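Structural overview for review
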Amino acid sequence: MANSASGMAVHDDCKLKFHELKAKRIYRFITFKIEGQQVVIDKIGTPEASYDDFTASLPADECRYAVFDFDFTTDENCQKSKIFFIAWAPDTSKIRNKMVYASSKDRFKRELDGIQVELQATDPSEMSLDIVKGRAL
């Protein structure tokens, strides 16, 4: 099903793997890229993967979409988890690349039911662990 505005389709695997991350918690993160005219899976992190593993998986000069299952402990000492959607658009990526990702983001995000927090980042400092923790609480 393509978006009339961006002409972008979402590969079925994207929705399937996201559902597995959300419901079965068998992945820590998934990164997605636009290939041709559709969003496809780029990389998948095991449940043991850290936030550093996740940030290291993002290319320095290309845009990506990503979901990250963030576990944290509240001030009341409760274990919780939130699923973050991260739109990664580094300053060093090509303008056209940024435009394609920006125009397709909302459509893609709607396909992933269960996103709790959204972040947009143009460099690693905008998605530091402290920022993620702050948004989760």
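If you're wondering where the values come from, they're calculated on a predicted model, not measured in any experiment. (Residues numbered from 1 in each chain as written. Predicted model: local features only at pLDDT ≥ 70, side-chain atom pairs only at ≥ 80, totals over all residues. Heavy atoms only, no water.)

**Remarks on the sheet that holds strand β1 (residues 9–10)**
Our working rule: Here a strand pair is declared whenever DSSP counts at least two bridges between the two strands. What counts as a helix is a DSSP run of H or I of at least four residues, what counts as a strand is a run of E of at least two, and both are numbered from the N terminus. Contacts are assigned to residue pairs that have any heavy atoms within 4.5 Å of one another. Think of each axis as a best-fit line through the C-alpha atoms, taken over the contacting stretch in the case of a helix, with angles from 0 to 180 degrees between the N-to-C directions.
Strand order in the open sheet made by the six strands is β1-β3-β2-β4-β5-β6, with mixed pairing throughout. Strands at the two margins of the open sheet, each flanked by one partner only, are β1 and β6 (117–121). By the bridge criterion, five bridges tie strand β5 (residues 79–88) to β6 in an arrangement that is parallel. When the sheet's bridge partners are listed, Ile86 is paired in β6 with Leu119. Each of β1, β2 (29–35), β3 (38–45), β4 (64–73) and β5 touches helix α1 (residues 12–24); the most contacted strand, β3, lies at about 35 degrees to it.

**Focus: unusual backbone geometry**
Under the convention used in this document: Burial classification: accessible surface area is computed with a 1.4 Å probe over protein chains only, and a residue below 20% of its type maximum counts as buried, one above 50% as exposed, and the rest as partly exposed.
Of note, the phi angle at Arg25 is positive, near 55 degrees, even though the residue is not glycine. Turning to its location among the elements, Arg25 is positioned in the loop between α1 and β2. The phi dihedral of Asn77 is positive, around 70 degrees, even though this residue is not glycine. On the secondary structure map, Asn77 appears in the loop between β4 and β5. Classification of Asn77 by relative accessible area gives exposed; the value is 64%.

**Considerations on the nonpolar core**
Let me state the cut-off plainly: Throughout, nonpolar core names a set of buried Ala, Val, Leu, Ile, Met, Phe, Trp, Tyr and Cys residues whose side chains join them through atoms within 4.5 Å.
Formed by 20 residues in total, the largest nonpolar core has its most connected members in Phe32, Val39, Tyr65, Val67 and Phe108. When near neighbours in sequence (up to four residues on either side) are disregarded, Phe32 contacts Cys14, Val39, Val40, Ile41, Asp42, Arg64, Tyr65, Ala66, Val67, Tyr101, Phe108 and Leu112. Grouped together as the second largest cluster of nonpolar side chains are 18 residues, Ala49, Tyr51, Val132 and Ala136 included.

**As for the side chain of Asp69**
Note the threshold: Under this definition, polar contacts are N or O atom pairs within 3.5 Å; protein pairs additionally need one hydrogen-donor-capable and one acceptor-capable atom, and for neighbouring residues in sequence, both atoms have to be side-chain atoms.
With respect to the helices and strands, Asp69 occurs in strand β4. Among the polar contacts made by the side chain of Asp69, one reaches the side chain of Arg25 at a distance of 2.9 Å. A distance of 2.4 Å separates polar atoms of two side chains, one belonging to Asp69 and the other to Ser81. Those residues in contact with Asp69 that lie beyond four places of it in its chain are Leu21, Arg25, Tyr27, Arg28, Ser81, Lys82 and Ile83.

**With respect to the pattern of salt bridges**
Pairing between side chains becomes possible if they bear opposite charge and their charged atoms approach one another. Stated formally: The working definition used for a salt bridge is a side-chain nitrogen of Lys or Arg within 4 Å of a carboxyl oxygen of Asp or Glu.
Tallied over the full model, the rule gives 14 salt bridges. With its nearest N and O atoms 2.9 Å apart, the salt bridge here joins Arg25 to Asp69. Taken together, the residues Arg25 in the loop between α1 and β2 and Asp69 in strand β4 connect sequence positions 44 residues apart. Overall, Arg25 belongs to the partly exposed group, its relative accessible area being 38%. When the shortest N-O distance is used, the salt bridge between Arg28 and Asp71 registers 2.9 Å.

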